[in-house]
Every structure is written in structure tokens, then in C-alpha cells.
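# Notes for the structure review
Take a look at the letters that make up each chain.
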Amino acid sequence: MKRYILLSLLSVSMFFSSCEKDINIDFPVAPSPYVIEGYIENGQGPFVTVSRGISFINEISNDDFLNLFVDNAKVSLTVNNDTTAIFLKMVKLGNASFYIDTTQLLGQIGNTYHLKVAVDGHVFTSSTQILPPAPLDSIVVKPAPDSRADSDSLVQLTAYFKEPNPMGNYYRLLTKKNNDIFYDVAFNSIYDDAIVNGKAIQFSVIGGKSQFQNNDSADFREYGYFRKGDIVYVKWASIDKPQYDFWKTFEAQSGSFGNPFSPTVIVKSTFKGAGCLGVWAGYGCTIDTVIIPKN
Amino acid sequence: MKNKFIFLLALLVSPTFLFAQQKFSISGFVKDAFSGETLIGSTVVIKELGKGINSNEYGYYSITLPTGKYQIVASFLGYKPIVDTINLTKNVKRNFFLKSNSIVSKEAIVLAEKAENNFKSTQMGTQTLQMEKVKTLPVILGEVDILKTLQLLPGVQSSGEGNSGFYVRGGGPDQNLVLLDEATVYNSGHLFGFFSVFNSDAINSVTLIKGGMPAEYGGRLSSVVNVNMKEGNNQSYHATGGVGLIASRLTLEGPIQKGKSSFMLAARRTYIDALIKPFVSSTSTLSGSGYYFYDLNLKLNYQLSEKDRVFFSGYYGKDQFLFKGERFGIKFPWGNSTTTMRWNHLFNEKLFVNTTALFSDYVFKIGASQSNFDFELFSGVRDYSTKVDFDYFPNIRNQVKFGAAYTFHTFTPTTATGTIGESSISPEKINRQYANEAAAYFSNDFDLTEKIKINAGLRYAFFQQIGPYDRYIQNDVGTISDTISYGDGENIKTYHRLEPRFSIRFQTSKSASIKAAYTVTNQFVNLASLSGSTLPTDLWVPASSVVKPQFCTQYSIGYFRNLKDDQFETSVELYYKDLKNLIEFKENTTGRLSANIENDFTFGIGRSYGAEFFIKKSVGKFNGWVGYTHSYAQRTFADLNEGKTFFARYDRRHDGSIVLSYTLNNKWTFGSVFVYGSGAAFNLPTSLVFFSNGTQGLYFENDYRNKYRLSPYHRLDISATYTAKKTAKYESTWNFSIYNVYNHLNQYIVYLDIQGDILNQGLKVQPKQITVFPFIPSVTWNFKF
């Protein structure tokens, strides 16, 4: 919503022949934060990455980026009221490093998982619960609107969902195409039931994609749609409020990147401990498979 | 505390009934001879006593004196004074019809026109601007804007380049009570604040009170902006209008019954949309998009008898924004409407009463559609009010005001309706908030001794939120854990507040005085704004069990002196404001549909202080003013900025302006405005972070708030007004203005532009500034017949 208003503000200011100019700023010098991203879902093991933020400098190269991964953290989990910590193992893939479980720990619905990351003398903790999934009723394949350039080969997916009572449910949507991995819909992956509580609703399943790639215009035209012949996996996850708040603020912030009129949005980390930004995300999810016919 | 009030009350009442000689009153109205328009705040002085009185908002004055022969002078800035000798042996009715200087010959710009109020009145921090004076100053895009002119006064800051929103003495944009013919205007801006809702042709005068707020005003912490619409010429029919770059105006006025009643109808509409249309091809993504605003002002008045007069005034304005993109369409209209009905009645020469019924409504709507998704959001505030205000003139030493007011508020939170595919969304009920607001006040402006004049007042304010309402109780993580439902009319929370108002003037010499003021104010309705400047989406939210009324104590002291036989008015004022129960959004609020928006608020305290310097010359061919403010505005919130004190967004160390106007001859008048201000505070992140899906995020330190400053703001505007033709029947003038003459690229906003691809060539981070208004010339043609 805000985005539309800001968009219109932008166009109004453009009318006033506004002009833009590059400037120099002395950026504040401050220690860069630790960035933690961790997931656990029903039937899957935990997956955690730890990296550093990068201080603002004019150019950030690919090398700078690859050096951001932190491989010396001690990452451990406890389940519910257990006191025994399960340590995750660091694995490397090129420069990238990840922390995974090697003890057959699988997420279970109803469990609360406490994550502890100890690194360079800092300790960061966060907890998440795997909530009971709320399955989608059905997913229907519909033709893409005629206005699409190659609408003949594109389709859109519509999900039908009876939102359960009472109010206070939060969801996250991710999709996977064929052999790719799951991606969220950037800037728009989460839902709450503030206005749809208890109602039967339908909504478009927008295809997610990696944000590492540039969005060139041809790509953008196809963005969100699927191709005939695709096999699409739709992950629909119940999430807890702290996680929702993280994504909500994170998406609001990244969605306003480069938008000069946007107010400052501070991302709400789920972690305790100063100097850290991150999310520890439990998904209580269902995965639906949609095989889109070739014709 | 109690003793203080009793003392105050005693002080208020005691001097009122001192003498018991045979006395009579001189009373009447002060009006414009040509149009019959009321001259608000004109001065009526008894020469023998060197004492006078100001006419009230309806031009009424009354002076009670012992039997005798008196010379009485009625004057008003920009008008030729009338001197009259009155033999007072019975009550005398005397109406003064003053002639404007522009009508009488040039030599008549008499120095007898005194600007003595500057140092003689008890009023501090108050400025009145006459619309006619404002019209010779440079304007942006050809639109004369009274709120932008107010921003050139010390202590008043613009909320952003070219914006009509303003901050007064370190207070928020919602802390200004903007009144149009006594009706509250909740959103005073068009086009996201770039233009004010006040059509210059429909306005008589504007008064700004930023300190020492008299007891008849309340409900806002920082200031009162009292805008009076023209009443309309009751002698003859006239049309006034103008054609500008982006908008045109037309005002019609005239008598309904000559000398007794009149009407004024003003309309204004922009045509940005029509101007752009030919340049936008029908296949362009912007085709079908557009923006316009319009407003209408109507005022009628009728003199029922010598003692009764009724007024009706109304305002209706609307903004409409349309955007049609390939993927979605959006449309949002918003606007205010106000209606005022007033009845003036004179009980006797000494007691004047005005009874008012008011209606004010602000609605914002936004409608959007996107493939199988359609929705409309709306929000707003609606007031029904009634008030009664008495002016009592017991004798020349006292001017007493008392009255009461009541308002019923309805606040509509942002509410969504729409369809998603085949299912429709509408809230089972809209969780509106209802409130009763009431006040009663008493004040007396009186001479304690020859040198000391006091204005003492007391205002009682009452606010009550009533049902129906559902309050959602949130647990620690912010999930709704419980709901309390209040029934129809059920009392949810009641506040009683007493607000003492006190100002004193001590005359130190024939043309100088020292004044001091102490003001307590409470604010029961607040604007929930994320952006720092006012957007039409911002919600008005009442005090409730969660939101306590904002509270301000202001202390001010000043030295006022007129120089060169009153040609120059000068002043230095110092102020200190102590603010409590201030409202901000919690740290991580993104702005969302919220059943109880108060759950997103956090509360804190603030203080602001500063010094204001002002020199004004209002007479002669060459006039204008110079103002400078040095100020600080700080905020402390336990839950924001790590609990550390931070500067408010509108903290401005230096803020100055030079406003000049020069009348060369009958044909040409020149104007110039120079403005300088410290840069506004803004936030900068310290790091860029990456997530596994490739999305980037910004990291701010915990005490990030308003630590950085935009570069200082300055610009020069010039104007020339050419009177092409001026006869008794017809007048045609051209206004040529250049905004930002030396094209200083002021920073409207600074942001980070991040380009590139981190997996390949890397990212480039470039800070950029946006300038909204560079060098902008404009021309406007104005006419009058």
C-alpha cells in the first residue's frame, strides 16, 4: 500500500522536474553486524548460515561478498525444555559455508527449537516453534492474461484456501520450479489474516526466484508466472509472529530500496544479542506438487 | 496546585468591577468602506487615555468610559485611520468604515497607522498576515499559498521543500490547530502537501499563535492557525480570479441585499492532468494516469437586525490521483469538507456572543485493482461541534472572554473492502473510535497598572473515548491474546485537564515592553505518521486508555520594541517547551492494517527551546521582515534509539528568512524572499547485509535516529507584480515569479542507490540526492472587476 503511495509521490515529484544528483557521504564507521539465517521445518533438518554485513563503501566486489561467510561459529540447538545441545556441523561449498545437522534431527510439528550461535566472543540466541500446517484446499492452473507477451506458453496458479479461526495466523509462501530450489516471492512472501480471518479466499501463487540475478525486462515480463510443462512445488508454511515480523520488516525495507520517499524501516531481528541481524525460522508446512500440462 | 488556581481566578475577576462612576459605552463594528468586509483585530483607541482595544473576530468593539468628550481613532494596517470626536453622555453606536490605502491617494499612507500592538498587547508569539500583503510576494508555480508564507516567520519551519506542512517551535505537524472559519481542518495540504487547501482569493486574513495561546483555543500543543474566509462585498458585485501555470481561480462576491447581506463563492482547480495529456501517448504506461485537485469556498452572511447577524461558510476540497499501469490500476481520492454556521448576537453594548455549529470531515480512500484482486481502503475523521463564545467589555481596562465548546469525534481506522477472485472481503464491523471532547474557558485581558497589562485565563478540557469499540490486547510477541468489547456509549476512558494561561506585559518605555507567558496545553487527537511529513494516509487517532493526551508546558519571555515612530516592529523571544506523552511508532512498524493502531505506538517525552529574532516594517513603499530562529528539539523514548535522547526530525539549529517588498510606482511592485535553514535530520545505515535468496538488507545501529543532516537549505525567490490596468471597475495584474533564482540544488532527500550483481561484476553503492524544486519561473494573470 505504502508502496503505491510512494510511487505516486515519486511521479508527482517527477512532474515538478525534480532532479537527482550523485553525492558523497562520509558513512559512519561502525562494526559490521553478524547476519544469521536459519530454517527448520517439519520432516527436515536445520540449516543455518552465518555471515557478516559489509560496511558501506562505493564498490562491493564478488570477492568482498564471498569473504562475508563466517565459518568459525559454534552453532547449537536445543529442543523444547531439553538441556542437551545438538551442535551443527560446518560444511563448505566453495567460499560459502553452512551449518547443518548430521544427527538425523528432523523438525517436528509443535516443537520449539532454541538456536545458539557463538562467534568471536559474541552469543546470539533465538527460538522458533514449528506450528501446525494449514494446508491449501486446492491449486488451479489458469491461463496467463492476454496482455502477456507470450501468454500462450505462460500460466498462472491460483490457490484456494479456507483460513482457519481464530485471528492471529501468519503464513509464508515459497515455490520451486522443476529442479531449482525453493524461493520466496521477494518483497511479498508473507501473509497475515487481519482482514481474511476465517474466510475462504483465493490468491495468486506468484513464482519466486533468486534475487541474485538481475531482473532484466524480458525476465520481468515472465516474473511470477509459470510455463506450460513446469512441475511446480508450492510450500505453504505456518510461521510464528517473531518470524513474521522479521520478514515483514525485511521485505518492507528491501522493497523500498532506492525509493527516496520511503521512511526508514528497521528490520526486526528474531535474535537476542547486540550486533546481529537475522531470522531463525520454523516452518509448519505442506508442499503441494502441481504438474502443469504441456498443452 | 489548588491554591494556584484560586489565586489565578481571583486575579482574573478582581479588576473587572473596580469603578462605580456614571459610565457609557461606545461600540460598533470596524469594516472596509469599499466591500463591507470585517477588519478583524482593528484598533480603536481613545486618544485622551492613550488606551485602546482590538475589535474581535467579527470586527466588533466596545469601550466603556466615564461621561466626557473623547477623540476616538479607528485604525487598521493598510487603511486610512478615522478620527472622530464623541461627546459621551449616553451609550453611543459608532461603526467605522475604513478606506484601504490602495484606494485613497498615495500620500495618505499615513504614519498615524500605528503598529503599536507589537509592544502594547499582552500577546506574544502572534502574527497576523493580511492576504493582500502576501499576494505581492514570490510564489511557486503561480499559486499564492498562505501556509508557505507563514513558514517565513521565525519559529515556523517548513516540513519539506515546497511543502505547506509546517512545524512550530519544535512541535510535530499534527500539533497545529488549523481553523478555517473556526472549523478544524484535519489535512491542510493538497498534492501531498505541496499546496495548501486555502485558496488565496477566498481568504481575508490568517493569524498564527505560536506562544501564549489564549484560553479560547485548545486541543493542540504547538500553534493555532486561524484562517478567516472573506465575507463577500455587501456593496456591489465583483469577480476576482487568476490564471496560473497549474491552476485557475475564480471568486464571485456581492450583496444579497445591499449593505445587509453578502455572498462569496470561490473555486479553484488544477489542470496538471489536462496539460500533460497531449504529451502522453495512448500506448504509454502512464496513459490514463493523472492528478488534479479542486476546492470550493462559500460564505453567506445576513444581518438580521442591529443586534443579530448570521454567517454560513463551507469548504469542500478534493484531490484525485489516478494511476493505470500494465499490472495494476490505482485511484485515490481524498479531501476535507467543513461547514460553519454562526450567529452573532449583541445582548447589550458590552456583551457580544457568537454561537457556532460546526462540521468537519476528512476522508482518504484508495482503490486498487490487479488481475483477480480488487480492493478499497478508506479512513477518516469526522467532527460535529458546537460552541459559544462571549466577549465582554466591562470597561476600557478589561476585555473578558468566556465560553464553552463541545465536539463529537468519529475516527475511522484504515479499513479494507474488496474482492479477491470470487470471494469478497469486508470487515464484519469497522472498529471506529468515538469520542466526546468539551472545554470551557474564561480569560481577562486587563490593565493592572499603567505599565502592567495581564492576560490571565483558565481552560478546562474534557475528553472521553466511548464505545462501541473492541480493544485487542497483545501479548509480548504482539499476538492478540484477548479482546475487550465496549458497548454503545460505554465510557472507555475519560480525561479532565486544567490549563492555566497567563501572559504579562510590562511597558518599559513609550515604545518598548517586556512580555512573558506561561501556557499549558493538552492534545487529545494525534496524527499517526510514519513518514515525518504529513501524507494523506496518516491516521488521526484519539486519546484512549492506551494513548494518553499529549501535554505541553511552554514558557516564553520576550522584549518588544518599535523604532522610528513605529515604522519598525522588533522583537526577541525566548521559549522553552516541556512535552510529555509524545507518540511515535514502535521501532519496527512498517505501516499496516491494524485493528488497534495504538498497539503500534510507543510514548516518550521531549523538549524544545530556542530564540527568535524578528524585525518587521509594514508601512511605506519598502516593507517586509527579517526573521531568525536558533532552536533545539529533542525527544526521549524508552523504546527507541536505545533510550538515548535524539533530535526530532524537525530540529533546526538555524532558520532564517528575509522577506522584502517594494512598491516602485502604480505599475510595479517587487518582492523577494531569501530562506536559509540547517539541513533536516535523517538516518543512515552502517552496513549492507545479504540473505541466501539474494535479497539485500540495511543494518542500522541501535541509536541510529536522526544522526545525520542534509546539507543546509537556502534559496532566493523574486517576483514582480505588474498592474496592467487599474480603474475603479477593472483591475488586471501580472505576477512574474522565479523560485530558487540561483538554482541551488537543495537536498529534499538523500538515499542510497545500489546497482549491479554481486555474483558477477559486484555492487556499486551510490548515495544520491533528490532536488524537488530547482529554478522555476512562473507567471500568473490576476483580474478583478
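Residues numbered from 1 in each chain as written. Chains lettered and ligands numbered in written order. Predicted model: local features only at pLDDT ≥ 70, side-chain atom pairs only at ≥ 80, totals over all residues.

### Examining the overall build of chain B
In terms of regular secondary structure, chain B is built from five helices and 52 strands. Across the 785 residues that make up chain B, the buried fraction comes to 48%. Once local pairs closer than 6 in sequence are excluded, the contacts in chain B between residues at least 24 apart make up 64%. (Helix = DSSP H or I, 4+ residues; strand = E, 2+ residues; numbered from the N terminus. Buried ≥ 20, exposed ≤ 12 C-beta atoms within 10 Å, placed from the backbone. Contact = placed C-beta atoms within 7 Å.)

### Some remarks on the overall build of chain A
Broken down by element type, chain A carries four helices and 20 strands. Looking at the 295 residues of chain A, the share that counts as buried comes to 39%.

### Some remarks on the pairing of strand β37 (residues 550-563) of chain B
Residues and elements named next belong to chain B. Taking every second residue as pointing to the same face, the buried face of β37 carries Gln550, Cys552, Gln554, Ser556, Gly558, Phe560 and Asn562, while none of Phe551, Thr553, Tyr555, Ile557, Tyr559, Arg561 and Leu563 on the other face is buried. Bridging between strand β34 (residues 512-523) and β37 involves 12 bridges; their strand directions are antiparallel. Within β37, the position partnered with threonine 519 by the bridge is glutamine 554. In this sheet, strand β38 (residues 568-585) lies alongside β37 in antiparallel orientation, the contact comprising 13 bridges. Looking across to β38, one finds that cysteine 552 is bridged to leucine 579. (Pairing = 2+ DSSP bridges.)

### Things to note about the environment of serine 485 of chain B
All names here are of chain B. When you line up the elements, serine 485 lands in strand β32 (residues 480-486). Assessed through the 10 C-beta atoms surrounding it within 10 Å, serine 485 is described here as exposed. In sequence terms serine 485 and phenylalanine 614 are 129 residues apart; their C-alpha atoms lie 53 Å from each other.

### Topic: the domain arrangement of chain B
All names here are of chain B. Domain annotation for chain B reports domain 1 (2-76 + 78-112), domain 2 (126-227) and domain 3 (228-784). Taken together, the contact pairs four residues of domain 1 with five residues of domain 2. The class makeup of the residues in the side of domain 1 that touches domain 2 is one nonpolar, two polar and one charged. (Domains from an automatic or database assignment. Nonpolar A, V, L, I, M, F, W, Y, C, P; charged D, E, K, R; others polar.)

### A short note on the domain arrangement of chain A
Put simply, an interface is often sized by how much accessible area is lost when its parts join up. Residue and element names in this part refer to chain A. Under the domain assignment used here, chain A contains domain 1 (31-130) and domain 2 (138-240 + 284-291). Placing the centre of domain 1 and that of domain 2 at their C-alpha centroids yields a distance of 27 Å. Taken residue by residue, the interface counts six residues in domain 1 and four residues in domain 2. Of the residues assigned to the side of domain 1 that touches domain 2, the class counts are two nonpolar, three polar and one charged.

### Some thoughts on the sheet that holds strand β4 (residues 54-55) of chain A
One open sheet accounts for three strands, arranged β4(A)-β45(B)-β46(B); its pairing is antiparallel. Edge positions in the sheet fall to β4 of chain A together with β46 (696-699) of chain B, since each has one partner strand and no second. Where strand β45 (residues 687-690) of chain B meets β46 of chain B, four bridges bridge the pair, whose relative direction is antiparallel. What sits directly across from phenylalanine 690 of chain B, in β46 of chain B, is glutamine 696 of chain B.

### Thoughts on the nonpolar core
Counting residues in each nonpolar core, the largest one holds 87 residues, and the members touching the most others are Ile146, Leu150, Leu179, Ile203 and Val225 of chain B. Split by domain, the residues of this core number at least three in each of domain 2 (126-227) and domain 3 (228-784) of chain B. Not counting residues up to four positions away in its chain, the partners in contact with isoleucine 146 of chain B are Leu129, Met131, Val134, Ser196, Phe198, Ser200, Ile203 and Val206 of chain B. In this structure, Phe65, Val117, Val155 and Trp236 of chain A belong to the second largest nonpolar core, which totals 71 residues. (Core = buried A, V, L, I, M, F, W, Y, C linked by C-beta atoms within 7 Å.)

### A short note on helix α4 (residues 241-255) of chain A
Taking 1.5 Å as the rise per residue, α4 of chain A with 15 residues should run 21 Å; its terminal C-alpha atoms sit 20 Å apart, in good agreement. Among the 15 residues that make up α4 of chain A, 13 are buried, leaving the element largely enclosed by the rest of the structure. (Expected span 1.5 Å × (residues − 1).)

### Regarding the sheet that holds strand β10 (residues 112-119) of chain A
Residue and element names in this part refer to chain A. Read across the open sheet, the four strands follow the order β7-β6-β10-β11; overall the sheet is antiparallel. Across the chains shown, the open sheet's two edge strands, defined by having one partner strand only, are β7 (86-87) and β11 (122-129). With eight bridges joining them, β10 and β11 adopt antiparallel strand pairing. Across the sheet, the residue bridging to threonine 112 is glutamine 129, located in β11.

### Here we look at unusual backbone geometry
Where the residue is not glycine, phi is negative for most of them; where a peptide bond is considered, it is trans in most cases. In this structure, the amide linkage connecting asparagine 165 of chain A to the following residue, proline 166 of chain A, adopts the cis form with an omega of -10 degrees. Considering the arrangement of structural elements, one finds proline 166 of chain A in the loop between β13 (154-162) and β14 (170-177). The peptide bond linking glycine 467 of chain B to proline 468 of chain B adopts the cis configuration, its omega dihedral lying at 5 degrees. By the element assignment, proline 468 of chain B lies in the loop between β30 (452-466) and β31 (469-474). In this model, asparagine 80 of chain A sits at a positive phi of 45 degrees, which is unusual for a non-glycine residue. When you line up the elements, asparagine 80 of chain A lands in the loop between β6 (74-79) and β7. Phi angles above zero are rare outside glycine, and asparagine 641 of chain B is one such case at about 55 degrees. Mapped onto the elements of the fold, asparagine 641 of chain B is located in the loop between β40 (622-637) and β41 (646-647).

### A closer look at the pairing of strand β21 (residues 261-270) of chain B
Residues and elements named next belong to chain B. Bridge count for strand β20 (residues 247-257) against β21 is 10 bridges, and the pairing is antiparallel. Residue pairing for β21: leucine 250 is matched across the bridge by alanine 267. Once β20 ends, the chain turns through three residues before running back antiparallel as β21, passing glycine 259 with a positive phi of about 80 degrees. Pairing geometry for β21 and strand β22 (residues 290-303), over nine bridges, is antiparallel. Within β22, the position partnered with arginine 269 by the bridge is tyrosine 294.

### Some thoughts on the environment of isoleucine 190 of chain A
All names here are of chain A. If you trace the backbone, isoleucine 190 turns up in strand β16 (residues 190-192). For the pair isoleucine 190 and glutamine 243, spaced 53 residues apart in sequence, the C-alpha separation works out to 9.9 Å. In contact with isoleucine 190, not counting residues within four places along its chain, are Tyr170, Tyr171, Arg172, Tyr244, Trp247 and Lys248.

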